[in-house]
Amino acid sequence: MTADRPTLARLREQASQARWVGHYARAARLDRQAMELAETLGLSGERTRALLWEGYSLRLAGEDDLALAALLQAINDRAPSADPADRFSALIAILHLSLKRKSVHFCRALLEQGRRELAESRQPWAALLDFLEGELAFRQGDFAAAWDWHERAWV
């Protein structure tokens, strides 16, 4: 089992390098391989992180639907070894994608889920959700509310 951890680290490094030079589709493939290896090794925290990065890579490659699929898998990982920051980052990425494509109701539900998860994990990351609340209000044409949420996010 430990012999494959260097392979996992190598895959993650290669994916990072591919993203750095703008080869997002290649990065996504490497992230998928890292996810599969982490799953094989029983490393659920590493699996969640690989799904998060696969989602980012796919989003950067313009593959929004595939990105959403990977990111949804990441936020639904409830394993104790899954880093709450990885799950929260996946939720934020989903919200960014959803603001362009999904209904207000769907986005509102995601924002509420994010606030619940922050309360449960006692993390101080509300500014990201406040900013996205502002983006949602802006999308709805409620510019005063958008200003208030954005101001709250930056204070």
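Every chain is numbered independently, its residues counted from 1 as its sequence is written. With pLDDT at 70 or above as the cut-off, local features in this predicted model cover only qualifying residues; side-chain atom pairs require 80 or more to be listed or tallied, and sums for whole chains, interfaces and linings still use all residues. The side-chain values count all of the structure's non-hydrogen atoms but skip hydrogen atoms and water molecules.

**Here's the deal with the packing of helix α2 (residues 24-41) against helix α3 (residues 44-60)**
Argument step 1. The axes used here are C-alpha line fits, helices contributing only the stretch in contact, and every angle between their N-to-C directions lies in the interval 0 to 180 degrees. Only DSSP runs of H or I covering at least 4 residues are called helices, and only runs of E covering at least 2 are called strands; the numbering of each starts at the N terminus. Here α2 crosses α3 at 165°, and the two axes come no closer than 8 Å. With respect to each other, α2 and α3 are oriented roughly antiparallel. Here α2 and α3 pass one another in a crossing that is left-handed. Here Tyr24, Ala27, Ala28, Asp31, Arg32, Ala34, Met35, Ala38 and Glu39 of α2 come into contact with α3, specifically with Glu46, Arg47, Ala50, Leu51, Trp53, Glu54, Ser57, Leu58 and Leu60.
Argument step 2. In the scheme used here, Gly and all other residues not listed as nonpolar or charged are polar, with Ala, Val, Leu, Ile, Met, Phe, Trp, Tyr, Cys and Pro taken as nonpolar and Asp, Glu, Lys and Arg as charged. Broken down by class, the residue content of the contact of α2 with α3 amounts to 11 nonpolar, 1 polar and 6 charged. Angles are sorted into four bins: roughly parallel if under 35 degrees, roughly antiparallel if over 145, roughly perpendicular if 65 to 115, and oblique for all others. Each crossing is labelled by how the near helix is turned from the far one, with a counterclockwise turn of less than a right angle marking it left-handed and a clockwise turn marking it right-handed. Two residues form a contact once any of their heavy atoms are found within 4.5 Å.

**Points about the pattern of salt bridges**
Argument step 1. For this document, the term salt bridge refers to a Lys or Arg side-chain nitrogen within 4 Å of an Asp or Glu carboxyl oxygen. With the rule as written, the count across this model stands at 12 salt bridges.
Argument step 2. Taking the shortest distance from any N to any O, the salt bridge between Glu54 and Arg32 comes out at 2.9 Å. Taken together, the positions of Glu54 in helix α3 and Arg32 in helix α2 put the pair 22 residues apart, joining distant regions of the chain.
Argument step 3. Under the relative-accessibility criterion, Glu54 is labelled buried at 7%.
Argument step 4. Among the residues examined, Arg32 registers a relative accessible area of 26% and is labelled partly exposed.
Argument step 5. Between Arg49 and Asp86 there is a salt bridge; the shortest N-O distance is 3.0 Å. Taken together, the residues span a long stretch of sequence, with Arg49 in helix α3 and Asp86 in helix α5 (residues 84-101) at a distance of 37 residues.
Argument step 6. The exposure class assigned to Arg49 is partly exposed, which follows from its relative accessible area of 21%. Note on exposure labels: buried denotes an accessible area under 20% of the residue type's maximum, exposed denotes more than 50%, and partly exposed covers the range between, all computed with a 1.4 Å probe on protein chains only.

**Focus: the environment of Ala82**
Argument step 1. Along the chain, Ala82 turns up in the loop between α4 (64-75) and α5.
Argument step 2. In contact with Ala82, other than residues within four places in its own chain, are Gly45, Thr48, Asp77 and Arg87.

**Notes on the packing of aromatic side chains**
Argument step 1. Stacked, edge-to-face and tilted are the three classes for Phe, Tyr and Trp ring pairs, Trp counted by its six-membered ring, which pair at centre distances within 6.5 Å; planes under 30 degrees apart are stacked, over 60 edge-to-face, the rest tilted. Under the criterion given, the structure shown has 4 aromatic pairs.
Argument step 2. Centre to centre, the rings of Trp53 and Tyr56 are 5.2 Å apart; their planes meet at 75°, and the pair counts as edge-to-face. Of the two residues, Trp53 and Tyr56 are both situated in helix α3; the distance of 3 residues between them amounts to about one turn of the helix.
Argument step 3. When the ring of Phe88 is compared with that of Trp125, the centres are 5.4 Å apart and the planes differ by 35°; the resulting orientation is tilted. Here the residue Phe88 occupies a position in helix α5, and Trp125 occupies one in the loop between α6 (104-121) and α7 (126-139), the gap between them amounting to 37 residues.
Argument step 4. Exposure remark for Phe88: the relative accessible area of 4% places this residue in the buried category.
Argument step 5. With a relative accessible area of 25%, Trp125 lands in the partly exposed category.
Argument step 6. Residue placement shows Lys102 over the ring face of Phe106; its charged tip is 5.7 Å from the ring centre. Geometrically, a lysine NZ or arginine CZ counts as sitting over a ring once it is within 6 Å of the ring centre and also within 35 degrees of the ring normal.

Bear in mind that shape data such as this cannot, by itself, settle questions of function.
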